[in-house]
Amino acid sequence: MELNYLFESFTLGLLLIAGSLEWLTRDTLLILFLLSLLGLLILSIILFLYKKQRERQKDINKSLSDGARNLSYLNDDIHRFIGVVSHDLRSPLNSITAISELLAMDADQLPPKEIEEYAGNIHDLTMRINNLVSNMMDANKIELGEVKINPEPISVLETVTGVFNSLKILGDKKAIQTTLQANDNLPLVIADQDALTRVLENLINNAYKFSEPDSEVTIKAEYLPDKERVKISIGDEGPGFTKEDRENMYNKFSRLSAAPTAGEKSTGLGLYIVQKLVHRMGGRIELDTEPGRGSVFSIYLKSA
């Protein structure tokens with residue numbers, strides 16, 4: 001619009017000049033016309049460059065703003081990670097140190113049963129530390145986009161059974177009965193082996209962590225032929241999730257209203273990691289819960 005207006009103005013000016021100044025020759029008018037076109041071209045280039053510079057400046061300002069915002073989030077994450085390391089890891093490490101010193105000094109005087117108990121305590125504390133560190137590393141990799149997901153046909157039965165066998169001891173320590181229900185003829189699913197293992201470890205750990213002694217945790221895997229999906233469920237008889245919990249449970253470093261029943265530590269990263277990994281594998285996760293009546297997390301994965 002602006003350039004058309006300028007062009008019309010120049011043209012009109014030339015016509016006025018031609019009409020009022022009869023002494024101007026045809027060649028002179030032609031030169032003036034060409035000079036006007038050249039001026040319009042230069043003006044168009046200047047306006048175009050100015051517009052591009054304004055757009056570039058806006059992009060730079062937006063990038064700076066986004067960078068500052070991301071830097072603020074990064075600083076918050078760093079502070080939270082430091083808090084986890086200094087608080088949640090210090091306690092189990094101090095306990096392991098104390099037990100190790102006791103065993104080193106009095107091992108020859110302690111009865112075998114007591115040594116076995118101390119060894120079991122060290123094992124439990126080590127597993128807690130491993131879970132905390134693994135969650136922090138997984139969350140960091142997810143944020144940086146470094147999590148590599150390689151979906152391929154894998155056995156749900158083998159994966160679920162392996163995680164069940166490795167974690168069942170945590171439930172036994174709290175007198176929690178763990179039931180595994182899975183058919184031998186389950187089809188393969190399209191998933192990443194490591195990612196699915198981490199998902200199940202987090203969900204089962206949480207089920208134990210927030211369940212009272214003498215309660216029950218149920219792990220179930222079943223095939224849904226009408227949906228061509230395999231459903232893996234982890235249910236507990238814990239405190240359940242409030243409405244506010246459900247709104248925040250997948251946020252990073254989220255702290256839910258319920259507290260672990262045996263003083264276990266939590267980074268607030270488990271469910272954040274679970275949701276990210278399930279979605280990256282092309283799956284879906286659902287929660288069925290009522291406050292005071294336990295909860296059931298269900299994962300749906302496409303069958304191979």
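See the structure above.
Residues numbered from 1 in each chain as written. Predicted model: local features only at pLDDT ≥ 70, side-chain atom pairs only at ≥ 80, totals over all residues. Heavy atoms only, no water.

Visitor: I'm lost on the packing of aromatic side chains in this one. Help?
Guide: Aromatic rings considered in pairs are described by the distance between their centres and by the relative angle of their planes. For the structure shown, the criterion picks out 1 aromatic pair. Ring geometry for F241 versus F297: centroids 5.6 Å apart, planes at 85°, classification edge-to-face. Separated by 56 residues along the polypeptide, F241 in the loop between β5 (229–236) and α7 (243–248) and F297 in strand β7 (residues 295–302) bring together distant segments of the chain. Classification of F241 by relative accessible area gives buried; the value is 11%. Relative accessible area serves as the criterion here: at 7%, F297 is assigned to the buried category. (Phe/Tyr/Trp six-rings, centres within 6.5 Å; stacked < 30°, edge-to-face > 60°. Helix = DSSP H or I, 4+ residues; strand = E, 2+ residues; numbered from the N terminus. Buried < 20%, exposed > 50% of the residue type's maximum accessible area, 1.4 Å probe, protein only.)

Visitor: Honestly, the nonpolar core in this entry has me stumped. Any pointers?
Guide: Generally speaking, soluble globular proteins have nonpolar side chains that are buried together. Formed by 56 residues in total, the largest nonpolar core has its most connected members in V156, V199, L200, L203, I232, I234 and F297. Looking at this core, the element that brings in the most residues is helix α6 (residues 193–209), giving 8 residues. Excluding anything up to four places from it in sequence, V156 contacts L186, P187, V189, A221, V230 and I232. (Core = buried A, V, L, I, M, F, W, Y, C linked by side-chain atoms within 4.5 Å. Contact = heavy atoms within 4.5 Å.)

Visitor: Please explain unusual backbone geometry as it appears in this structure.
Guide: Most of the time, phi is negative for any residue but glycine, and the peptide bond is trans. Positive phi, close to 70°, is recorded for D214, a residue that is not glycine. Residues other than glycine seldom take positive phi values, yet E228 does so here, at roughly 55°. Given a relative accessible area of 47%, E228 falls into the partly exposed group.

Visitor: Would you take a moment to explain helix α8 (residues 270–280) for this structure?
Guide: Note on helix geometry: an α-helix contains 3.6 residues per turn, so any two residues three or four positions apart are oriented the same way. Burial within α8 is extensive, with 8 of its 11 residues counted as buried. Turning to α8, the residues buried within the fold contact α4 (112–144), α6, β6 (284–289) and β7. With its phi angle positive at about 80°, G282 sits one or two positions after the end of α8.

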